[in-house]
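# Structural description and commentary
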Amino acid sequence: MLPRVSVFSLGGTIAMGAATSDKGVSLSHSAEMLIAAVPKLADIAEIEAQSFRQLPSPDITISDLEALAREIDKRFADGVRGVVVTQGTDTIEESAFIIDRLVKDNAPVVFTGAMRNPTMPGPDGPANLYHAVLTALEQQARGIGTMVVMNDEIHAARYVQKLHTTSPAAFHSYPAGAIGWIIENQARIVTRPASRFPIALSTAHHGPRVVRLAVGLDEDGALVDLALRAGYDGMVIDATGGGHVPKAMTEALGRAATRIPVVYASRTRHGETMQSTYDFPGAETDLLDRGLIPAGWLGGIKSRLLLLLLLRNGAGEDEIRQAFDAWCHPFGR
Ligand code: GLU
């Protein structure tokens, strides 16, 4: 008997079909249609397909993903070997990161999508889906948590980033590289990320909101103050370099940090935030003195999600600081 794999579809380019207007493709393919486009899947797994959501990926909500995490754990309890989730690539690094925190079971969850829609020459969706199922079935993928499979590569959810608007090779992993690849119908895992960093599913009905602001030269703190007035519960600053902002922003950031958690990440998206290298107004040492929390290597996009999940669980400032710090010391201090 073939092993069972559950495929949940959430929408995205992989599920978009013939345009009804001259403006481009739109959502049209159910999970069953995605499976039917890859007949080879029937040779390797018994697939259970579910059209869970049908959305462009920026419209996926944290609540959708909490519901998905519950559903995934139910399927594992029911004996499926692995789970595949298809969705739009624009936010796949975000959904995968959240599901990686929320799913309890150790069995593999593999996200995939497509950069070329099914109406284009050489659509990548069918190959990506086949490779995602291969990865979900792979024994060595157990215990890793959530992965993203695109363009013959296997990425850990925590590291993967979309770094190109259209190329099938849009996905890369920083700071640690891809954890494996697909070769001759096998998923090859060569690296296992340390620690799962789970977060309990929240019961929050009205979720907190976290804003992420990108910083550039000659900016002031007006948006920081506006965000406070708009009632955000947390803030992530995509600072320049290792964690630097213009002097004109520092007072507003300090004010914000006395009221809500404010995390500084690096807009470079590659490398770790500094804590003790520079001493000038707006440098990382100044931000730390004003109460900001360093993101470490996590980057602004995922830092926002981590902060959101922690706030949804009612975490206080100490717990939030410790959570960000732990990511930099996955083997302990
Ligand atoms: N470029 C996106 C994709 O690859 C389309 C929008 C979305 O992310 O859903 O699926």
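Whatever comes next refers back to the structure up there.
Now for a quick tour of the structure. (Residues numbered from 1 in each chain as written. Predicted model: local features only at pLDDT ≥ 70, side-chain atom pairs only at ≥ 80, totals over all residues. Heavy atoms only, no water.)

Before going further, it helps to spend a moment on the pairing of strand S5 (residues 82-86). Along S5, five of the five residues are buried, which leaves the element largely enclosed by surrounding structure. Burial along S5 is two-sided: Gly-82, Val-84 and Thr-86 and Val-83 and Val-85, pointing in opposite directions, are all buried. Bridge count for strand S1 (residues 4-11) against S5 is five bridges, and the pairing is parallel. Bridging from a neighbouring strand, Ser-9 pairs with Thr-86 of S5. Pairing analysis gives four bridges linking S5 to strand S6 (residues 109-112), with the strands arranged parallel. In the strand pairing of S6, Val-84 is matched with Val-110. Assessed by its sense of winding, the connection that carries the chain from S5 through helix H4 (residues 92-102) to S6 is right-handed. (Buried < 20%, exposed > 50% of the residue type's maximum accessible area, 1.4 Å probe, protein only. Helix = DSSP H or I, 4+ residues; strand = E, 2+ residues; numbered from the N terminus. Pairing = 2+ DSSP bridges. Right-handed = clockwise from strand over helix to strand, strands pointing away.)

On to the sheet that holds strand S4 (residues 46-55), then. Taken together, eight strands build an open sheet; the order of strands is S4-S1-S5-S6-S7-S8-S11-S12 and the sheet is mixed. A single partner strand is all that each edge strand has here, and the edge strands are S4 and strand S12 (186-189). Here the average twist between neighbouring strands, direction ignored, is 25°. Sheet topology note: the strand S8 (residues 153-156)/strand S11 (residues 180-183) ladder contains two bridges and is antiparallel. (Axes fitted to C-alpha atoms, helices over the stretch in contact; angles between N-to-C directions.)

Every residue close to the ligand is listed here: Gly-12, Thr-13, Pro-56, Ser-57, Gly-88, Thr-89, Asp-90, Ala-114 and Lys-162. With respect to the ligand, the backbone of Thr-13 contributes an N or O atom lying 2.7 Å from an oxygen atom. Counting atoms within 2 Å of the grid points, the majority share of the ligand lands in the second largest pocket. Of the residues that constitute the shell around the ligand, the class distribution is two nonpolar, five polar and two charged. (Near = heavy atom within 4 Å. Polar contact = N/O pair within 3.5 Å; in protein donor to acceptor, adjacent residues only side chain to side chain. 1 Å grid on protein atoms, 1.4 Å probe; cavity = no way out; pocket = protein on both sides within 12 Å on 5 of 7 lines; lining within 4 Å. Sits in = over half its atoms within 2 Å of the grid points. Nonpolar A, V, L, I, M, F, W, Y, C, P; charged D, E, K, R; others polar.)

Attention now moves to helix H6 (residues 222-229). Of all the positions in H6, only Val-224, Ala-227 and Leu-228 are classed as buried. One face of H6 carries all of its buried residues, which in axial projection span an arc of 100°. With respect to the buried face of H6, the exposed residues turned more than 90 degrees away are Leu-223 and Arg-229. Those residues of H6 that are buried lie in contact with strand S13 (210-214), strand S14 (234-239) and helix H7 (247-257). Directly beyond the C-terminal end of H6, a positive phi value near 90° is found at Gly-231. (Arc of directions from axis to C-beta. Contact = heavy atoms within 4.5 Å.)

Within a regular beta strand, the side chains point alternately toward one face of the sheet and then the other, so they alternate between its two faces. In terms of burial, strand S7 (residues 146-150) is a largely internal element, five of the five residues being buried. Burial of the side chains of S7 extends over both faces: Thr-146, Val-148 and Met-150 are buried on one face and Met-147 and Val-149 on the other. In the sheet, S6 pairs with S7 via three bridges, with the strands oriented parallel. Considered in S7, the bridge of Val-109 is made with Thr-146.

A complete count under the given rule lists 16 salt bridges for this structure. Across the pair Arg-75 and Glu-71 runs a salt bridge whose closest N-O atoms are separated by 3.5 Å. Of the two residues, Arg-75 and Glu-71 are both situated in helix H3 (residues 62-77); the distance of four residues between them amounts to about one turn of the helix. Accessibility classification places Arg-75 together with Glu-71 in one group, the buried group. A salt bridge links Arg-333 to Asp-325; the nearest nitrogen and oxygen atoms lie 2.7 Å apart. (Salt bridge = Lys/Arg side-chain N within 4 Å of Asp/Glu carboxyl O.)

Right, let's talk about the side chain of Asn-128 for a bit. Within the fold, Asn-128 resides in helix H5 (residues 125-137). Taking the relative accessible area as the measure of exposure, Asn-128 reaches 2% and is therefore buried. Here Gly-113 takes part through its backbone oxygen, which lies 2.9 Å from a polar atom of the side chain of Asn-128. Those residues within four positions of Asn-128 in sequence are excluded, and the remaining contacts are Thr-112, Gly-113, Ala-114, Val-149, Met-150 and Asn-151.

Below, the discussion takes up helix H10 (residues 317-328). Residues three or four positions apart in an α-helix share a direction because the helix packs 3.6 residues into each turn. Here H10 spans 18 Å end to end across twelve residues, near enough to the 16 Å set by a 1.5 Å rise per residue. Along H10, the positions that sit buried rather than exposed are Ile-320, Ala-323, Phe-324 and Trp-327. For H10, the buried positions fall inside an angular range of 90° around the axis, keeping them on one side. Away from the buried face of H10 by more than 90 degrees, exposed residues Asp-318 and Gln-322 are located. Buried residues belonging to H10 abut H4, strand S15 (262-266), strand S16 (293-294) and helix H9 (299-312). (Expected span 1.5 Å × (residues − 1).)

Following Tyr-174, the chain continues to Pro-175 via a peptide bond in cis, the omega torsion being 5°. A positive phi angle, close to 70°, is found at Asp-152, a residue other than glycine. With phi around 50°, Phe-197 is a residue other than glycine that occupies positive phi space. Residue Phe-197 is classed as buried on the basis of its relative accessible area, which comes to 14%.

With respect to the helices, strands and loops of the structure, Thr-61 is situated in the loop between S4 and H3. Taking the C-alpha atoms as reference points, Thr-61 and Ser-95, 34 residues apart in sequence, are found 8.9 Å from one another. A distance of 3.0 Å separates the side chain of Thr-61 from the backbone nitrogen of Asp-64, its partner in a polar contact.

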